[in-house]
Each structure stands twice: as C-alpha cells, then as structure tokens.
Amino acid sequence: MSVSELQALQKETITEQDRIELLDYCMEHYGHDVKRVVYSYVQNEVDAEDVTQEVFISVYQKIDQFNQDSQLKSWLIRIAINKSKDHLRSFKHRQQRLKDKLLQSFKKESIETTTPEDLSIQTDENKQLIKQIYELPTKYKEVIILYYFEQFTVKEMADILKSNENTIKARLKRGRDRLKTIIESGGGDHG
C-alpha cells in the first residue's frame, strides 16, 4: 500500500477522493482474491460477479471503519465471506438453485451420451478435487479454501471467521479427513 493510501486510512475523516483511491487499490490488488473466495461459496460466475460488486460497494461505504490492527486483505475477505453467506441465505438464491436442479435433472434424462470434452473434464484431477472440496459442508470448505488456496494462516483465518484458533485447527483437520474420505471413495457427497 502506498504512503498516500496509508495516510488516507489514518485520517479521522476520509475524503471522497481518498475513498475512490483506496477502493481502486483494493480492487486492483485484491479483486481476484475476493472474487475467488466469493465464487467458492456461490459456485456461479454471474452470482460471483454480483456479490463481488456488493463487496466493493461495502468497502467504499465502510472504508473509514477499517481497523488498522488487522490486515486489509483479511478485512476484505471477511466482507466477501459475509456477503457470500448473505447471498446464499437469500430467497432469490434458493429459488434459483431449485430451478437449476430441476433443469439439470431434465437434461440428464434427455442427454445420455457424453462428449470427448465431457470425458476430459471428468478426468481432470484438479477440477475433480475442487468439486470435492465444494461438496464439503461450508464450515470445512471455507477453512480449506482460505488455508490452501488463499494461503492464510490459522491465526488470520480465526480473525476473518471470528472464531477461536483451536476451532479453526479442528475444522481444518476434520475438513481434510472428510476430503480424504471423499477422494478415497472416488467422489460423491459424504457430507
């Protein structure tokens, strides 16, 4: 973070120009990380874009509430997680998920052949692993994603998720154990 951006954060009152500069900084340096975390929750590209926009709107509105005792990235990720959870609890999302499941079941009945592209996707180990991580319950999925993909420490995750470090360690261990079980059994939801 540049000296002028740090000085802007330390002011008692942040000007409109400061807000815009700080927002630009956050979007430029952490935008991809925020979107990746949001996507890990909502699992839909369009929804991830919408929620990510909501995250940065909140950042713009609440930048003066940033507590400089924590890291800026941790603060942004905490907002992203909260906005993602709000989205998942929303009526609109639940309605869309039901609609998607119904459409998917109709597609399975009508399309019985798989293309070479489908086969290559199914055999791609990285995509399979990501899929298996997404099958985990949220409390395990979020710590695995934050630890392995976002490379946060246990302490940072405890701060982001507002939990005890031992709780985070336990969730990480249980999440790894569940993931190992899923991988060893060849996939599927064992949640």
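What this report covers is the structure whose coordinates are included nearby.

About the cut-offs
Residues numbered from 1 in each chain as written. Predicted model: local features only at pLDDT ≥ 70, side-chain atom pairs only at ≥ 80, totals over all residues. Heavy atoms only, no water. Helix = DSSP H or I, 4+ residues; strand = E, 2+ residues; numbered from the N terminus. Buried < 20%, exposed > 50% of the residue type's maximum accessible area, 1.4 Å probe, protein only. Contact = heavy atoms within 4.5 Å. Areas by Shrake-Rupley, 256 points an atom, 1.4 Å probe, with all protein chains shown as cover. Polar contact = N/O pair within 3.5 Å; in protein donor to acceptor, adjacent residues only side chain to side chain. Core = buried A, V, L, I, M, F, W, Y, C linked by side-chain atoms within 4.5 Å. Salt bridge = Lys/Arg side-chain N within 4 Å of Asp/Glu carboxyl O. Expected span 1.5 Å × (residues − 1). Arc of directions from axis to C-beta. Patch = residues over 30% accessible without salt bridge, like charges linked within 9 Å, V, L, I, M, F, W, Y side chains within 5 Å.

Overview of the overall build of the chain
Consideration 1: Scanning the chain for helices and strands turns up 10 helices and 0 strands.
Consideration 2: For the chain, buried positions account for 35% of its 191 residues.
Consideration 3: Relative to all contacts within the chain whose residues are 6 or more apart in sequence, the contacts with residues 24 or more apart total 63%.
Consideration 4: Carbon and sulfur atoms make up 50% of the accessible area of the chain, which totals about 12400 Å².

Let's talk about the side chain of Asp47
Consideration 1: Mapped onto the fold, Asp47 is located in helix H3 (residues 45-62).
Consideration 2: Side chain to side chain, Asp47 and His87 meet in a polar contact 3.4 Å long.

Regarding the nonpolar core
Consideration 1: One finds Val59, Leu76 and Leu146 to be the most contacted residues of the largest nonpolar core, which totals 42 residues.
Consideration 2: When residues of this core are traced back to their parent elements, those giving at least two are helix H2 (16-42), H3, helix H4 (72-89), helix H8 (138-149), helix H9 (154-161) and helix H10 (165-184).
Consideration 3: The element best represented in this core is H2, accounting for 10 residues.
Consideration 4: Once you skip the residues sitting within four places of it in the chain, Val59 turns out to touch Leu23, Cys26, Trp75, Leu76 and Ile79.

Some details on the pattern of salt bridges
Consideration 1: Taken as a whole, this structure holds 11 salt bridges when the rule is applied.
Consideration 2: Across the pair Asp159 and Arg78 runs a salt bridge whose closest N-O atoms are separated by 3.2 Å. Of the two residues, Asp159 is situated in helix H9 and Arg78 in helix H4; the sequence distance between them amounts to 81 residues.
Consideration 3: In this structure, the salt-bridge partner of Glu142 is Arg171, at a minimum N-O distance of 3.9 Å. With a gap of 29 residues between them, Glu142 in helix H8 and Arg171 in helix H10 connect regions that are remote in the sequence.
Consideration 4: Looking at Glu142, the relative accessible area reads 5%, which means it is buried.

Things to note about the environment of Ile20
Consideration 1: Residue placement: Ile20 occurs in helix H2.
Consideration 2: For Ile20 and Tyr60, which are 40 residues apart along the polypeptide, the C-alpha to C-alpha distance reads 7.3 Å.

Observations regarding H3
Consideration 1: Here H3 is 18 residues long and its end C-alpha atoms lie 25 Å apart, about the 26 Å a rise of 1.5 Å per residue gives.
Consideration 2: Here H3 has its buried residues at Asp47, Ala48, Val51, Thr52, Val55, Phe56, Ser58 and Val59.
Consideration 3: You can read the cap of H3 off the contacts: a side-chain oxygen lies 2.9 Å from the backbone nitrogen of Val46, and it is on Asn44.

Describing H9
Consideration 1: Within H9, burial applies to Val154, Met157, Ala158, Ile160 and Leu161. For H9, the arc enclosing every buried residue in end-on projection is 165°, short of the 170-degree limit, so these residues lie on one face.
Consideration 2: Elements in contact with the buried residues of H9: H4, H8 and H10.
Consideration 3: After H9 finishes, the residue Lys162 shows a positive phi value of roughly 55°.

Considering a nonpolar patch on the surface
Consideration 1: Where nonpolar side chains cluster on the molecular surface, the patch consists of Tyr147, Tyr148 and Phe149 and spans about 280 Å² of accessible area.
Consideration 2: Inspection of the secondary structure assignment puts Tyr147 in helix H8.

A word on the side chain of Ser84
Consideration 1: Here Ser84 lies in helix H4.
Consideration 2: Ser84 gets classed as buried once you look at its relative accessible area, which sits at 0%.
Consideration 3: When sequence neighbours within four positions are dropped, the list of residues in contact with Ser84 reads Val38, Tyr41, Val42 and Val51.

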